[in-house]
Amino acid sequence: MTTPRPPHPRQGPPRPRQGTAHRPGAAPRRPGSALPGARPAARSGNGPGNRPGGAGYRSHGGPPGPPPLRLAAPRRRLRLLLVALGAVLTLFLGRLVQLQFLDSSALAAEASVNLFQTVTLPAPRGSITDASGQTLATTVDAYDVTADPYMFTPGQAHIDDAPAQAAQLLSPMIGVPVADLTKALTYTGKGDRYALLAKQQSPQTWNQITALQASLTKTAWHGHCATENQLALKAGDDGRVDEACANTLNGVFHTKHTKRVYPDGPLASNVIGFVNADGVGKGGLEQQYDSLLKGKDGRATYAQSGGRQVPTAGQHEQPAVPGSDLRLTLNRDIQWDAQQAITAEVKKAGAEGGYVIVQDVSNGQVLAMATAPGFDPNDLAHANPNNLGNSALQEVYEPGSVSKLMTMAAVLQQNVATPLTHVVVPGLLPRAGTVFHDDTAHGTEHLTLNGVLAQSSNIGTMLAASHLGATEQQADRVLYSYLTKFGIGRPTGLGFPGESQGILAAPSQWSGSQQYTIPFGQGLSVNALQTTSVYSTIANGGVRIAPSLVAGTTGPDGRFVPAPAPAQSRVVSAQTAKTLAQMLQSVVASQEGTGAAAEIPGYLVAGKTGTANRVDPQTGRYQGYTSSFIGFAPADRPRVTVSCVVQNPVNGHFGGELCGPVFKQVMEFALKTLQVPPTGAAPADLPVNW
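Computed from a predicted structure; not experimentally measured.

1. A closer look at the pattern of salt bridges
Under the definition given, this model contains 10 salt bridges. Here Arg125 ties to Asp290 by a salt bridge, and the two come within 2.9 Å at their closest N and O atoms. Placement of the pair is Arg125 in the loop between strand 1 (114-121) and strand 2 (128-129) and Asp290 in helix 10 (residues 290-294), with a sequence separation of 165 residues. Residue Arg125 shares its accessibility class with Asp290, and that shared class is buried.

This is how it looks when you write it as structure tokens:
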């Protein structure tokens, strides 16, 4: 048996061994507690009734311990985790189905607010200038006012009547009725995300709109957006301001375009023409050279959100190619004077209309082409549609006595007669069942061929023309050949839109009366430039130069390209042309001539009057007159040809009386503008009578 070791001085009395009973006097343990480190007692196979105190007591009789620890089942945890994960995935899947199928249309509509937009970059239209570079037509900045109707819906604008409110604000600035604007700004849900509210607005108008957009407050007065000033006035009524409100004009934008303007208004408008609201040439040279003037549009693609460009989202741009500039042969100052002169004469004579053409005889260039009445291409809305064309090229008429120059050219060139040839002119001449007479009744006259032209005798011209051939048919063919050489019945070469080449039937189709009337200018039709070119041909020594209106073009690279040289052809010899110029001097300088009103002090003038029966375009019958005068100066050293035509005058009808003064005014101005000095030569002294 082992003797117990005495305790350490710092230790207390020895603790009783586990599993033993307490000695008398020992501190009692709590019921059911066990000693530290004690093992749990083995259970009896008989259960709770093993001994008093119930189950869990150790066999040695100690107090019961805590129930034994057990690990949780891992399969149960996995099941819970899978259930939770499945629920999350189900939520994601459900949301995906909602977005992809159920809400796809709404989301697509919302996403369309932020899309890439491709816009056209209009090419600047080329300018049109006169011969010296002075601008006759140019292009300035303009703005198309547009809108996105979707942004005026209640959900986007936060206003129930946003279209109506915006329309009220915009209408006074862009001149569009409120009802039309309200309709344009109302979104129908059919993809109408673009509305054109007004076209070709000035920069000032767009500045007004942007200023109003900036001033609109985000506060509403009883649901109606107002400017700061309006808001202050309304708030002063009863002091109530309520309801948040978005900017009413937030959905209004602009597209920068260009606008065609004509600095001189009606000046040369009949030649220049005009463009329509889309900037497309629809008249005159604007139409003829539209493809050259308009250039090539560019394209720009940019990101936009809510109708506003996103500057950081990148932009792709293909620049526009500007149109070419068109330089004309017109002289702006001469054009102005010619337009003033013919406008005043048409008004004075109570005429239906008239035109003046000024041509440089040395190169065929048209220096002026004026018509009356005209129009202002800046204000087409108030223009008379009948005045939008160029009657000097598009209107044909029977030229009358000014056409006699071509008959005389044929007679001289064919050596049938000379200026001094004697012609007996009866008062009446029966031919082809018709009795012909001159404008002024007279008895038998004894005139030279020069006198026939100077006094503009119809009968004398008929008699001279009859000697062009052995038979009347042969004479007709000879005369026809000269008429066509002078350009009658043929295009002038300008290619002007709507230009008429006149009417000249083949000789085999001439009626019995036409055989006798065509020599003195009735029975054929011309335009004003054709007859002007006839006189320029004589002034140019018998060589016809096709008329021209365009001097050249200047491309986007700044390089000027001259127009092709005009076609030239000889019609009569230089000697014949010189003789005809001397005969035309008698018309103006001789006391017996019909063109004394066209005489210019210090200058030698060659010209011819014309007074023809006019065919009414409405009835096709003769009614009224066509009065004209055409001439060139200086006659001995020709530089300029001027023609004047007045249609259907009421106050007078003789060409020398109506157009002689117009010729004189325009010719004097042209000679001074071009700095052509007088030659001081005396007129040819060719006899009129014999």
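2. Here's the deal with the sheet that holds strand 26 (residues 622-633)
An order of 16-15-27-26-25 is seen for the 5 strands of this open sheet, with the pairing classed as antiparallel. Since the sheet does not close on itself, it has two edges, and those belong to strand 16 (366-372) and strand 25 (606-615), each with one partner. With direction set aside, neighbouring strand axes in the sheet form an average angle of 10°. Relative to strand 27 (residues 640-647), strand 26 runs antiparallel, the two sharing 8 bridges. Residue Thr626 lies in a different strand from strand 27, and its bridge partner there is Gln647. Packing against the sheet, helix 20 (residues 655-673) makes contact with strand 15 (353-360), strand 25, strand 26 and strand 27, and its axis sits at approximately 30° to strand 26.

3. So, the environment of Thr120
Inspection of the secondary structure assignment puts Thr120 in strand 1. Separated by 180 residues in the primary sequence, Thr120 and Ala300 have C-alpha atoms spaced 6.4 Å apart. The residues touching Thr120, leaving out its near neighbours within four places in the chain, are Asp297 and Gly298.

4. Some details on the pairing of strand 16
Buried residues dominate strand 16, accounting for 7 of its 7 residues. The sheet contact formed by strand 15 and strand 16 spans 6 bridges and is antiparallel. For Gly354, the partnering residue across the bridge sits in strand 16 and is Ala372. The hairpin formed by strand 15 and strand 16 contains 5 residues between the paired strands, and Gly364 there has a positive phi angle of roughly 80°.

5. What to know about the packing of aromatic side chains
On inspection of all chains with the given rule, the structure shows 6 aromatic pairs. Pairing Tyr355 with Tyr397 gives two aromatic rings, centres 6.3 Å apart and planes at 40°, and the pair type is tilted. Placement of Tyr355 in strand 15 and of Tyr397 in the loop between helix 12 (391-394) and helix 13 (404-413) is noted, with a sequence separation of 42 residues between them. The exposure class of Tyr355 is buried, given its relative accessible area of 1%. Among the residues examined, Tyr397 registers a relative accessible area of 5% and is labelled buried. Here the aromatic rings of Phe436 and Phe520 are separated by 6.3 Å at their centres, their planes lie at 75°, and the arrangement is edge-to-face.

6. Quick notes on the confidence of the model for the chain
On average, residues of the chain score 84 in pLDDT, and 81% of them are at 70 or above. Contacts for the low-pLDDT stretch residues 16-59, under 50 throughout, to residues beyond four places or in other chains number 41 contacts.

7. Some details on unusual backbone geometry
Residue Pro373 is reached from Ala372 by a cis peptide bond, and omega for that bond is -5°. Note on placement: Pro373 falls in the loop between strand 16 and helix 12. Omega for the peptide link from Ala633 to Pro634 comes to -20°, which places this bond in the cis form. Positionally, Pro634 belongs in the loop between strand 26 and strand 27.

Parameters at a glance
Residues numbered from 1 in each chain as written. Predicted model: local features only at pLDDT ≥ 70, side-chain atom pairs only at ≥ 80, totals over all residues. Heavy atoms only, no water. Salt bridge = Lys/Arg side-chain N within 4 Å of Asp/Glu carboxyl O. Helix = DSSP H or I, 4+ residues; strand = E, 2+ residues; numbered from the N terminus. Buried < 20%, exposed > 50% of the residue type's maximum accessible area, 1.4 Å probe, protein only. Pairing = 2+ DSSP bridges. Axes fitted to C-alpha atoms, helices over the stretch in contact; angles between N-to-C directions. Contact = heavy atoms within 4.5 Å. Phe/Tyr/Trp six-rings, centres within 6.5 Å; stacked < 30°, edge-to-face > 60°. pLDDT = per-residue confidence, 0-100.

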